[in-house]
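Residue strings, one per chain:
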Amino acid sequence: MTRDQRLILIIAILASFVAFLDGSVINVALPAIRDELGGGLSTQQWVVDAYLITLGSLILLAGSLSDVFGRIVILRTGLVSFGVVSLLIAVAPTAELVIVLRGFQGIAGALLVPSSLALIMSTFRGAAQARAIGQWTAWTSAAFIIGPLLGGIFVDLISWRLVFAINVLPIAVTLWMLVVLGHRDERKKDTRIDYLGAILGIVGLGGPVFSLIEQGNYGWSSPAVFVPLVVGLLSLAAFIWWQRRAPQPMLPLELFRQRNFSMGNIATLFIYGGLALGGFIVVVYLQEVAGFGATQAALAFLPSSIAIILLSSYFGSLSGKFGPRIFMTLGPLLASIGYVTFLSMQESVNYFTQVLPGVVLFSVGMSMTVAPLTSAILGAISARQAGIGSAVNNAVSRIAGLITVALLGVIVVGPLTVENFHNVVILTAVLLFSGAMVSFVGIRNPARCEAKPTDVAPPLT
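Per chain, residues are indexed from 1 in the order of the written sequence. Selection of residues for local features in this predicted model requires a pLDDT of at least 70, selection of side-chain atom pairs for listing and counting requires 80 or more, and totals for whole chains, interfaces and linings are taken over all residues. Hydrogens are left out, water is left out, and the side-chain values use all remaining heavy atoms of the structure.

> Help me understand the environment of Trp-136, please; the structure alone is not making it clear to me.
Think of it this way: any DSSP run of H or I at least four residues long counts as a helix, any run of E at least two long counts as a strand, and we number them from the N terminus. Residue position: Trp-136 is located in helix 5 (residues 126–141). For Trp-136, a relative accessible area of 1% corresponds to the buried category. Taking the C-alpha atoms as reference, Trp-136 lies 8.4 Å from Ile-10; in sequence the two are 126 residues apart. Under the scheme applied here, a residue whose accessible area is under 20% of the maximum for its type counts as buried, over 50% as exposed, and between as partly exposed, the area being computed with a 1.4 Å probe on protein chains only.

Structure follows, in structure tokens:
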């Protein structure tokens, strides 16, 4: 590995690490944000979903922006913007301002991950590229361990605000390394940016999400609820229509003609929707009802992060030999059973008897799922489409979390109680089970399953 290749790999890891860190730490900080700034469950939903709306709707657009303006320019813009917005969140005096700033943080986050991966793809070739992506995946996956632990410690000992302020350090190091690298950008000619598609996507996602979250405050009959819902659904329909006609669409619909790509993304919608919903409600419940500290709640799912890092490559290799279908079926099924065990949790919770067994089942299930799912989706399309295919899958996983977290407002009526918690746990288990059934019915194993690299970045969780 040359000096420049090493620098680019470290830059890509650090840039993505920042975005992953904020995604993994936020659930731990939600109760503390509510206690200091006020607001109920809907406020907590918005702190999560404001980020996911802009991130999920713009992550595909970021690829076009990188082509037009250059990967380094877009990466630098994303880093500076993410750092500035993070500092503003750290000093925000109201929950409303935190929510608005989280939306801007999502825009900056959308610029980071695709640009960092694009740098790796353009710098490394062949086996070196597979190894580089594997290192990127392994190191950025560490964010899902470090994030909740740091967040829990900061919340318990100092303040939730430091969770966002700490972003400045890795961002500053990454910007300095970009200066040291000294690369000039490569820009593609005749690339068009699908601005209309981006606007329709934001409105199409934001309208229904606003209605789902705020219906508990205003009621379904209120114009403040049904008007955004109707406008959002019409915008989604217009988005699909436009993507069929746009000269250079941000979402190439022809990819979905491939069976495993389309069915794999439907499975992703269910599996990562359940992942986001379950992760949100369990961490919040352990703090607000069971009385766990932020650090204790953060440690609850630590086994799952460790298991995914240690076992994903193993199950990826097995998937290469036997095909992804069996693992994409059994994995979500085990994860679903894991969540069913959480129904034993009451107001008083014993971690070792009521939480850990379910976490272990969930951990093994997700470890069986991640690499085979990625392999099935990207294996269905050509190598030249791998970049946009991975971006689409990442966007689907973000949108899945966006929708399911918004649904909490429909399921949880009033304060969070044991009964409400159990209802959300059941829905989480149903979503994971649905992902298993979609995989069983829809995924087809390749005619000849041979071992191949599976070190491809999974959707951001």
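> It is not clear to me how the nonpolar core should be interpreted in this structure. Could you clarify?
Side chains of nonpolar character tend, in soluble globular proteins, to be buried together. Throughout this description, the term nonpolar core refers to a set of buried Ala, Val, Leu, Ile, Met, Phe, Trp, Tyr and Cys residues connected via side-chain atoms within 4.5 Å. With 133 residues, the main nonpolar core has Trp-160, Leu-286, Tyr-339 and Phe-342 as its most contacted residues. Of the residues forming this core, the biggest block, 18 residues, is contributed by helix 1 (residues 3–37). Any two residues having at least one pair of non-hydrogen atoms within 4.5 Å are treated as being in contact. Excluding residues within four positions of it along the chain, Phe-342 makes contact with Val-282, Phe-301, Gln-354, Val-355, Gly-358, Val-359, Phe-421, His-422 and Val-425.

> I tried to follow helix 9 (residues 195–218) on my own but got confused; where do I start?
Three or four residues apart is the spacing at which side chains of an α-helix point the same way, because the helix has 3.6 residues per turn. With 24 residues, helix 9 extends 32 Å between its outermost C-alpha atoms, agreeing within 8% with the 34 Å of an ideal straight helix rising 1.5 Å per residue. Along helix 9, the largest kink reaches about 35 degrees and is centred on Leu-212. With its phi angle positive at about 90 degrees, Gly-219 sits one or two positions after the end of helix 9. A helix is expected to span 1.5 Å for every residue after the first. Fitting axes to the seven residues ending at a residue and to the seven starting there, one defines the bend at that residue as the angle between these axes.

> Please explain a nonpolar patch on the surface as it appears in this structure.
Judged by side-chain polarity, Ile-199, Val-203, Phe-226, Val-227 and Val-231 come together as a nonpolar surface patch covering roughly 380 Å² of accessible area. Counting only elements with at least two residues in the nonpolar patch, the list comes to helix 9 and helix 10 (223–245). Top element by residues in the nonpolar patch is helix 10. It accounts for three residues. With respect to the helices, strands and loops of the structure, Val-231 is situated in helix 10. Patch definition: residues above 30% relative accessible area lacking any salt bridge, with like charges linked at up to 9 Å and the nonpolar side chains Val, Leu, Ile, Met, Phe, Trp and Tyr linked at up to 5 Å. A 1.4 Å probe and the Shrake-Rupley method give the accessible areas. Residues count as covered only by the protein chains that appear here. Salt bridges, as used here, are contacts in which a Lys or Arg side-chain nitrogen is within 4 Å of a carboxyl oxygen on Asp or Glu.

> I keep staring at the packing of helix 1 against helix 11 (residues 259–288) and nothing clicks. Help me out?
Each pair of packed helices can be described by the angle between their axes along with the distance between the axes. Note on definitions: angles span 0 to 180 degrees between N-to-C directions of axes, and those axes are lines fitted to C-alpha atoms, for helices only across the stretch in contact. Axis separation between helix 1 and helix 11 bottoms out at 8 Å; the angle between their running directions is 50 degrees. By the angle between their directions, the pair helix 1 and helix 11 is classed as oblique. In the packing of helix 1 onto helix 11, the handedness of the crossing is right-handed. The residues of helix 11 that touch helix 1, namely those facing Asn-27, Val-28, Leu-30, Pro-31 and Arg-34, are Gly-279, Phe-280, Val-283, Val-284, Gln-287 and Glu-288. Asp, Glu, Lys and Arg are counted as charged, while Ala, Val, Leu, Ile, Met, Phe, Trp, Tyr, Cys and Pro are counted as nonpolar; the rest, among them Gly, fall into the polar class. Of the residues assigned to the contact of helix 1 with helix 11, the class counts are six nonpolar, three polar and two charged. For classification purposes, an angle smaller than 35 degrees is called roughly parallel, one larger than 145 roughly antiparallel, one from 65 to 115 roughly perpendicular, and anything else oblique. Take the far helix as the reference: if the near one is turned anticlockwise from it by less than a right angle, the crossing is left-handed, and if turned clockwise, right-handed.

> Would you mind showing me how to read helix 15 (residues 351–379) here?
Over its 29 residues, helix 15 extends 40 Å from the first C-alpha to the last, a length consistent with the 42 Å expected when each residue adds 1.5 Å. Most of helix 15 sits out of view: 21 of its 29 residues are buried. Any pair of N or O atoms that falls within 3.5 Å is considered a polar contact. Within protein, one atom must be able to donate a hydrogen and the other to accept it, and sequence-neighbouring residues count only if both atoms are side-chain atoms. Regarding helix 15, its N-cap is Asn-350, as a side-chain oxygen of that residue lies 3.0 Å from the backbone nitrogen of Phe-352 further along.

> How do you make sense of the side chain of His-422 when you look at a structure like this?
With respect to the secondary-structure elements, His-422 resides in helix 17 (residues 418–442). In this structure, His-422 is in contact with Phe-342, Leu-343, Met-345 and Gln-346, ignoring residues within four places of it in sequence.

> What am I meant to see in the pattern of salt bridges here?
Opposite charge on two side chains allows them to pair when their charged atoms are near. Summed over the entire model, instances satisfying the criterion amount to four salt bridges. Notably, a salt bridge pairs Arg-34 with Glu-288, separated by 3.1 Å at the nearest N-O pair. Here the residue Arg-34 occupies a position in helix 1, and Glu-288 occupies one in helix 11, the gap between them amounting to 254 residues. A relative accessible area of 26% places Arg-34 in the partly exposed class. Exposure remark for Glu-288: the relative accessible area of 26% places this residue in the partly exposed category.

> How should the environment of Leu-373 be read in this particular structure?
Following the sequence through the fold, Leu-373 ends up in helix 15. Given a relative accessible area of 0%, Leu-373 falls into the buried group. In contact with Leu-373, not counting residues within four places along its chain, are Gly-264, Thr-268, Tyr-272 and Met-328.

> Help me understand the packing of aromatic side chains in this model?
For any pair of aromatic rings, the description rests on two quantities: the centre-to-centre distance and the angle between the ring planes. For Phe, Tyr and Trp, rings pair up if their centres lie within 6.5 Å, where Trp contributes its six-membered ring, and each pair is then called stacked (planes under 30 degrees apart), edge-to-face (over 60) or tilted (otherwise). Tallied over the full model, the rule gives 13 aromatic pairs. On the basis of an interplanar angle of 45 degrees and a centroid distance of 5.9 Å, the ring pair of Trp-46 and Phe-210 is categorised as tilted. With Trp-46 in helix 2 (residues 41–69) and Phe-210 in helix 9, this pair connects stretches of sequence that are 164 residues apart. Its relative accessible area of 13% is what places Trp-46 among the buried residues.

> Can you help me understand the confidence of the model for the chain in this one?
Close reading of the predicted structure is inappropriate where its pLDDT is low. Of the residues in the chain, 90% reach a pLDDT of 70 or more, and the chain-wide mean stands at 83. The spread of mean pLDDT over the elements of the chain runs between helix 5, the lowest at 67, and helix 14 (residues 325–340), the highest at 95. Across residues 449–458, where pLDDT falls below 50, the model places 32 contacts with residues more than four positions away in sequence or in other chains. A residue's pLDDT is the predictor's confidence in that residue, given on a scale from 0 to 100.

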